[in-house]
Each structure stands twice: as C-alpha cells, then as structure tokens.
Amino acid sequence: MKPVITRFAPSPTGTLHIGGLRTALFNYVYSKQNNGKFLIRIEDTDRERSTKEFEKNILDNLSSIGLAPDEDPINQSERNEIYVKAAEKIIESGKAYWCDCSPEDLELMRKEQTEAGKKPMYDGRSRNLGLPKTDKTVLRLATPESGEIVVKDLIRGEIKFNNNELDDLILLRSDGTPTYHLCNVVDDFEQKITTVIRGEDHISNTPRQIHIQNALDYPELEYAHLPLVLGTDKKRLSKRNAATSLEEYREKGYLDSAIINALARLGWSQGNNEVFYLTDLIKEFNIKDVQKAGAIFDISKLDWLNSQHLANLTLNQFKKNLEPFLNKINIDMESHSNVDSLIEAMRTSSDTLSGIAQSLIPYYQDINEYDEKAIDKFISDKNLLMQLRDLIDGINDWNLDSIESSLTNFQAENKLSTPAVNQPIRIALTGSTKSPGLGLTLTFFSKKTVLERMDKLLDKKS
RNA sequence: GUCCCGUUCGUCUAGAGGCCUAGGACACCGGGUUUUCAUCCCGGCAACAGGGGUUCGACUCCCCUACGGGAUGCCA
C-alpha cells in the first residue's frame, strides 16, 4: 500500500475558522489512519489579502489543537519559479498559448454570451493565433474540446464533466504570476500529495486541475469533497451567521477535544456513539461514510459534547482547564481554602468553562446582585432570616456534620419545610437559589463570611 | 442562464429492496433522584421534499419537478 499524504491548504486571509479546522481534521485523521503524512501549504498568492499574522494564527491554532503537520509548511508566495517552470513545460508540450484579450474584451464577451443565453466562458479566440509573449498577454491552457473528465471521489463516487463545458483557463497572469489552479496542481505534485480532501465548493475546480495535471504528465490523485458546514440559515458558515473563529469557541470555554468531536460528528457518525476523541477518530473514522449533504452547525450539540468531555476530565485536568477562565475575571482559584471540594461540587454548573467560572464568583468575591424574584418568594418573613442568622452564629464546630444537624434540628423544631429554611440562606450566600447541597455550600465559606452575607441581605430587606 | 453537488425528526445522523410500527443523539416537553440548581435516570413529541416508474415489495434503484448549495474571475 502506498503511503497516504494529505494536505490542508489555507489562504491566510483570516484567522483559523471552524470550517477550515474541520477540513484539516479530516485530512489529518485520514493520513494518520493510513500511517501517512499530513502537510500544510499556505496559499498566500493573493498578496492583497494575505498576512503573516493570519498565517501564524492558523499554524499556531492547528498545532495547539493537535493537528500539527509532519513537515514544515510551505508558502506558495516563495515558490514562483517552480510554477513558472511548470508553465514553460506546458508551453513546450504545445498545450498552452498566449492570449492578448484585455479584461475589457473578456467582460464584453461574457456579457454577450449571457445575453444570448449561453454559459459565459472564454471562447478560445486566441488559441490558434500563435501570439508571442508580451507584458499584456496571459498564458492559457489549451483544454481538450471534446471528451470528458471523470473525477473519482471517495465520498461521492464518479463525477463526470464534459470538456466542452470548460474553457481555457489562465495559467500565468499578464504580470507573469501563476494562478491558483496552476500553483495548486504543481504543489500537490511537488509535495507528493496522494489524496486531496477539501470542501465541496472545489468540486467544479477539479476537472480543470486534472487538465493541468494531464498537461504536466502528473499522476492521478484521489479526491474527497467534504460537505460544507452551514449556519442556522442553511447558508455556508460565515461570520454573518455564526461565530466562526476557533478562538471564539475556546474563549467561550469549549474544550479543544469537544470542538474536534463536534466537527467530526458533522457529516460523519459511527453507530450510536457520540463522544469521540482524536485517537478514537483515527481508529474509527471512515471517509467513505461521510455524509454528502451540508450540515448545520448546532451549538447546543457542542454544549452537550463539551459537558461530556468536561465530565471525563480528572479533577486536576479540570482545574487546569478552568484556571485561565477564573484568572480572566480576576479570581485566583487556589486562594479558596477548600478549592478541590468546591470545584468538584461546581463542575457541572454549566456546559462551558466560562459559565462555570461565572457561577463560581460568589465563592470568591462579594456579591452585589440578587435574584429579586427569589427574594420575594422565599424571604417574606424577615424574622425567619434573623433567626437563621442567630442559628448559624450559634454553630461552634464549623464542619459539614454539625452544620447539617443544626439546620435539620432547626427545621424540625419549627416545623418548617426544607426550602423555607435553606433558600433564604442560599440567597444570602450566592444571590440565587442555586448551589450545591446547602451544608456543603456553607463549608465553602467561613462562618464569618456567612454572617456578613446574611447581615447584608437583612440590611437590604429593611 | 449553463454545468456540478445535494434533499430522512427543529438539528446531527442510522438506514446498501422486505429486519422500518423508520433507530440513536442533541434540543424541547413530562416524570423520578437531588432539602434548591446542575448532574444522573425514565418517558414523550417529532422525519423519508413532491410526482412518476421498476418490483410481489421501495427511505433504499431509475426518471422528472421543486427547493437548497457550489461553480461559471488575470480570487483562492
């Protein structure tokens, strides 16, 4: 079996977005499960929009999420001579020619074709003119006028294109620089790529690229065109309909492994399983099982997957992942006297790390906001709150057992329901009716702090 | 317009002609556990785009229509 070599070829015109990440993921997984290599090629031939910052962002993010390439990435902007040399080879073989049509000529031509109800495409008017190269000519590929190209796609089977649907595409611009299709084909050959896995928006590019390969006598490649990731409006995922940047998801507190999991499940599934890690994917993934239709990215599924991945972490791993989110809101996680117990009790309080960090605030900082509805519901009787304050003041051994027995005794003596006793205290401590078991919650605070917060609520009520 | 790709619950999907009374998961709704919340457990709701064929039988095969997406650049 020949080794599989795949590549991810981003244009550095923006930060790494999750659609691109998914393409990279499938490329990575497919190569790894075939003991092959995963490469990266930066397609930065669009000098206007490409930046080094975006390039660094893409590369850093891929590596940090676990999709590091097996070789140093190459930049197309540095490989001009290679492409020009390839173009010369095509000229020598007679499969390319110079064309002096101006952009204005072409625009007019397309307009006339459209008005005549035809498909706008270059009509090959310079094809047999034998024009010389000048600073106004572009090099065009002489595409076969009949016959067909069959693209063999791992996901979609055979896709046929009539050659007469394709026009003579430009290989070299009038300024001598190579175009996307030429660079792409030459680099896939130079990097010894065996399998091209990319978005389905490239399907119709494929026959064009195969013609260039043929003109250059390059070997055939294997293709797999992935369905696109869509927003909730069923349109291609973009900044307009969703958060697209990987960084945004990380900042919201989604684990890398959960993001990978969600992206893999978009278009692919395996039995009734939902939770997958990268290592599972390398074992289980099969590119032939990938769905053909575009998939809407559903954030609630990501939320749930995140909660599953969070639950699978050991306490120490969990703390390590949570810490930056607490630091961001100026909380020193370890400053709490009972950290491990607190974090363990609170780790299911939200699906995201930022949400969990938020819900931890009352345990580290003074509270100023209260759930007013909860106050109305549970603290109509200020006397009870004062009694409870005194009860707590009277607890001498500040530990779980004695706190709990004091509370239950009080409840029994006064014939009160549990919420009647517990919720006022909870509100005083956290501002809301949500917290772990009340006895446990109380141990997360010093007796002094508990009294202070109860006094504060009493003040508020008066 | 033309070419190409696609179309199963709200969403992600299972389904390779009878196993389908179309399965699972998320979301949602209801119940249980939890003194609250979350977790967890149980239950419920909910789909084969439409029309023709082929076949004893079609979610599965073929054709047409509709709808969605992509391409049609001296962008990538």
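Details of the structure are given in the entry above.
Computed from a prediction, not measured in an experiment: that's the story for all the values here.

### Brief notes about the protein's contact with RNA strand B
Around RNA strand B lies a shell of 61 residues, among which Ser 11, Thr 348, Thr 418, Asn 422 and Ser 435 are the nearest. At 2.9 Å, a side-chain N or O of Asp 46 approaches a sugar or linking oxygen of RNA strand B. Listed by contribution, the elements that provide at least two residues to the surface near RNA strand B are helix H4 (103-115), strand E7 (157-162), helix H5 (180-190), strand E12 (295-296), helix H10 (299-311), helix H17 (418-430) and helix H18 (438-443). Take the surface near RNA strand B: its biggest share by element is five residues, from H17. Residue classes in the surface near RNA strand B are distributed as 18 nonpolar, 22 polar and 21 charged.

### Topic: the pattern of salt bridges
One pass over the structure, following the stated rule, counts 27 salt bridges. For Asp 60, the salt bridge is made with Lys 56, and the minimal N-O distance between the two is 2.6 Å. Of this pair, Asp 60 and Lys 56 both sit in helix H2 (residues 52-64), four residues apart, which is roughly one turn of that helix. We classify Asp 60 as partly exposed; its relative accessible area is 39%.

### Some thoughts on the sheet that holds strand E5 (residues 138-141)
Sheets are built from strands that pair by backbone hydrogen bonding, the pairs being arranged parallel or antiparallel. Strand order in the open sheet made by the three strands is E4-E5-E8, with antiparallel pairing throughout. Of all strands in the sheet, those bounded by a partner on one side alone are strand E4 (96-99) and strand E8 (170-172). Across the sheet, the axes of successive neighbouring strands diverge by a mean angle of 45°, strand direction being ignored. Both E4 and E5 contribute to a ladder of four bridges, which runs antiparallel. The partner of Ala 96 across the bridge, within E5, is Leu 141.

### Section: the packing of helix H15 (residues 382-393) against helix H16 (residues 400-413)
At a minimum axis separation of 11 Å, H15 and H16 run at an interaxial angle of 140°. Like other packed secondary-structure pairs, H15 and H16 cross with a definite hand, here right-handed. Of the residues in H16, those in contact with Leu 384, Gln 387, Leu 388 and Leu 391 of H15 are Ser 406, Leu 407 and Phe 410. The residue makeup of the contact of H15 with H16, split by class, is five nonpolar, two polar and no charged.

Rules behind the numbers
- Residues numbered from 1 in each chain as written.
- Chains lettered and ligands numbered in written order.
- Predicted model: local features only at pLDDT ≥ 70, side-chain atom pairs only at ≥ 80, totals over all residues.
- Heavy atoms only, no water.
- Near = heavy atom within 4 Å.
- Polar contact = N/O pair within 3.5 Å; in protein donor to acceptor, adjacent residues only side chain to side chain.
- Helix = DSSP H or I, 4+ residues; strand = E, 2+ residues; numbered from the N terminus.
- Nonpolar A, V, L, I, M, F, W, Y, C, P; charged D, E, K, R; others polar.
- Salt bridge = Lys/Arg side-chain N within 4 Å of Asp/Glu carboxyl O.
- Buried < 20%, exposed > 50% of the residue type's maximum accessible area, 1.4 Å probe, protein only.
- Pairing = 2+ DSSP bridges.
- Axes fitted to C-alpha atoms, helices over the stretch in contact; angles between N-to-C directions.
- Left-handed = near helix turned anticlockwise from the far one by under 90°.
- Contact = heavy atoms within 4.5 Å.

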